[in-house]
Amino acid sequence: MDDYTTLAPPAATSSVSPEVVYQQLGHLTRLLHDTLEQLGVMPNLQLAADNLPDARSRLNYVAKKTGEAAEKVLNSVDQAKAEHEKIARETREIAQAIMADPVKAVASGSVMNFVGDVEAATARIDQHLTDIMMAQDFHDLTGQVVAKVVKLAGDLEDSLVKLLLQAAPPDQVAQHRADPDVLNGPVVDPSTRTDVVANQGEVDDLLASLGF
Amino acid sequence: MSTNTDMKFLVVDDFSTMRRIVRGLLKEIGYNNAEEAEDGAVALNMLKNAKFDFVVSDINMPNMNGFELLAAIKKDEKLKHLPVLMVTAEARKEDIVRAAQDGAAGYIVKPFTKATLEEKVQKIMQKLMTAA
């Protein structure tokens, strides 16, 4: 292993020629490369880095599939609700017609028309429910993709933590903290955090404690 | 302030799915008149060009986020009376406190139920009626 004292910066007053700087940079690069190789981190890190573009496209795939599924479900629900509303309206109308004049309601065909409408509407609603069920197929596909990305993230984390622990000075490791903005978004496990609320009740309690 | 049935809502969220869900729930609880905006900048433009009675806004959005939209609304003389209900996945206490201090009328964390949305909207309505 090379002598690390050579990494010390030159005194501010000394003048160093560009050739010496280039030589030192080359030396540092070789030193870093050799150190990483010796630590056994490089192959795993390289593998993880090579897989990152794939992970990105996999996550895009998940976003696309879940988005499509959500749209499909919402469209089916809209259509089913419209059918339901129509049947509810016709039911009220036929009830009024029967109460006003039952014989006329039957004789005019209103009752049988209503029965036919109900049968047709329920068939359409059943199809919408089937569509909603089928739209859930994204879960199987995206679940597999997410599992692969999680494994990649785990591999990358292992390599980086290993590199950090072995190569960085302890005081610098302790100074680095995650950017809080990176943690924005849904809280997956509130039980592990003290700075977040776990449910709407806690939001209301917090606001009430502030006088809102 | 318009009456409940003709009140006009603006639903602001960068996810079209969530906009549709909120609109659908508003419709179910009796508010049929709602429009959508995909971020704070679009929302602010719509608010300045048409009359709305109520804003339901996400926080994390591109271009202009929910906090920035809230600040812009409260800074504008013509808009500052508008109630803004934050509906967001942000569950950090500091975000909830900030929203309240910045003038949000309510705060709902996702995922939420129709009952929660209805309760918060009604509560805000009652406050507005009392204040009027």
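For every chain, the first residue of the written sequence is number 1, and numbering continues from 1 along that sequence. Lettering for chains starts from A, numbering for ligands starts from 1, and both go in the order in which the items are written. pLDDT decides what is reported in this predicted model: residues at 70 or higher carry local features, side-chain atom pairs at 80 or more are listed and counted, and totals for whole chains, interfaces and linings draw on all residues regardless.

Peer 1: Can you walk me through the interface of chain B and chain A in this structure?
Peer 2: How big an interface is tends to be expressed through the accessible area that disappears when the partners come together. Taken together, the contact pairs 17 residues of chain B with 18 residues of chain A. Put simply, the parts of the chain that give the side of chain B that touches chain A at least two residues each are α1 (16-28), α4 (93-101) and β5 (106-109) of chain B. Numbering of helices and strands starts at the N terminus; helices are DSSP runs of H or I of at least 4 residues and strands are runs of E of at least 2. A total of four residues in the side of chain B that touches chain A trace back to one element, the largest contributor, which is α4(B). Each residue receives one of three labels: charged for Asp, Glu, Lys and Arg, nonpolar for Ala, Val, Leu, Ile, Met, Phe, Trp, Tyr, Cys and Pro, and polar for the others, Gly being one of them. A breakdown of the residues in the side of chain B that touches chain A according to their chemical character gives nine nonpolar, three polar and five charged. Once C-beta atoms have been placed from the backbone, residue pairs whose C-beta atoms lie within 7 Å are recorded as contacts.

Peer 1: In this structure, what is going on with the sheet that holds strand β4 (residues 84-88) of chain B? I would like to understand it.
Peer 2: Pairing between sheet strands relies on hydrogen bonds along the backbone, with the strands arranged either parallel or antiparallel. Residues and elements named next belong to chain B. For two strands to be treated as a pair, DSSP must find at least two bridges joining them. Spatially, five strands are ordered β2-β1-β3-β4-β5 in an open sheet, and the strand pairing comes out parallel. Strands at the two margins of the open sheet, each flanked by one partner only, are β2 (34-37) and β5. Neighbour to neighbour, the strand axes of the sheet diverge by 20° on average, direction disregarded. Axes here mean lines fitted to C-alpha atoms, for a helix over just the part in contact, with angles spanning 0 to 180 degrees between N-to-C directions. Across the sheet, helix α5 (residues 114-131) is in contact with β4 and β5; its angle to β5 comes to roughly 175°.

Peer 1: Help me understand the nonpolar core in this model?
Peer 2: Where a protein is soluble and globular, its nonpolar side chains tend to be buried together. Any nonpolar core is a set of buried residues, restricted to Ala, Val, Leu, Ile, Met, Phe, Trp, Tyr and Cys, that join up through C-beta atoms within 7 Å. Put plainly, a residue is buried at 20 or more neighbouring C-beta atoms within 10 Å of its own, exposed at 12 or fewer, and partly exposed in between, counting only other residues' C-beta atoms, which are placed from the backbone. Counting 39 residues, the largest nonpolar core has F9(B), L10(B), V12(B), V56(B), V84(B), L85(B) and M86(B) as the members making the most contacts within it. Apart from residues no more than four positions distant in its own chain, L10(B) is found in contact with E35(B), A37(B), A43(B), M46(B), L47(B), F52(B) and V55(B).

Peer 1: Got a minute to help me understand the packing of helix α7 (residues 200-209) of chain A against α4(B) in this structure?
Peer 2: The relative placement of two packed helices is expressed as an angle between their axes plus a distance between the axes. At a closest axis distance of 10 Å, the pairing of α7(A) and α4(B) adopts a crossing angle of 50°. The angle between the axes of α7(A) and α4(B) places the two elements in the oblique class. For the crossing formed where α7(A) meets α4(B), the hand is right-handed. On the side of α7(A), the interface is formed by V203(A), L206(A) and L207(A), while α4(B) contributes K93(B), I96(B) and A100(B). Comment on the angle field: the value is read as roughly parallel under 35 degrees, roughly antiparallel over 145, roughly perpendicular from 65 to 115, and oblique elsewhere. Each crossing gets its hand from how the near helix is turned against the far one by less than a right angle, where anticlockwise is left-handed and clockwise is right-handed.

Peer 1: How do you make sense of α4(B) when you look at a structure like this?
Peer 2: For the α-helix, the turn length of 3.6 residues means that residues three or four positions removed from each other point alike. For α4(B), every residue scored as buried is listed here: D95(B), I96(B) and A99(B). Axial view of α4(B): buried residues confined to an arc of 100°, hence all on one face. Facing away from the buried side of α4(B), by more than 90 degrees, are the exposed residues E94(B) and Q101(B). The inward-facing, buried residues of α4(B) abut α7 of chain A together with α3 (66-75), β4 and β5 of chain B. Phi turns positive one or two residues past the end of α4(B), at G103(B), with a value near 105°. For this quantity, the arc is that covered by the directions from the helix axis to the C-beta atoms.

Peer 1: Help me understand unusual backbone geometry in this model?
Peer 2: Leaving glycine out, the prevailing phi sign among residues is negative, and the prevailing peptide bond configuration is trans. Residues and elements named next belong to chain B. Along the chain, K110 connects to P111 via a cis peptide bond; the corresponding omega equals -5°. Mapped onto the elements, P111 comes out in the loop between β5 and α5. For N63, which is not glycine, the phi dihedral falls at a positive 65°. Positionally, N63 belongs in the loop between β3 (54-57) and α3.

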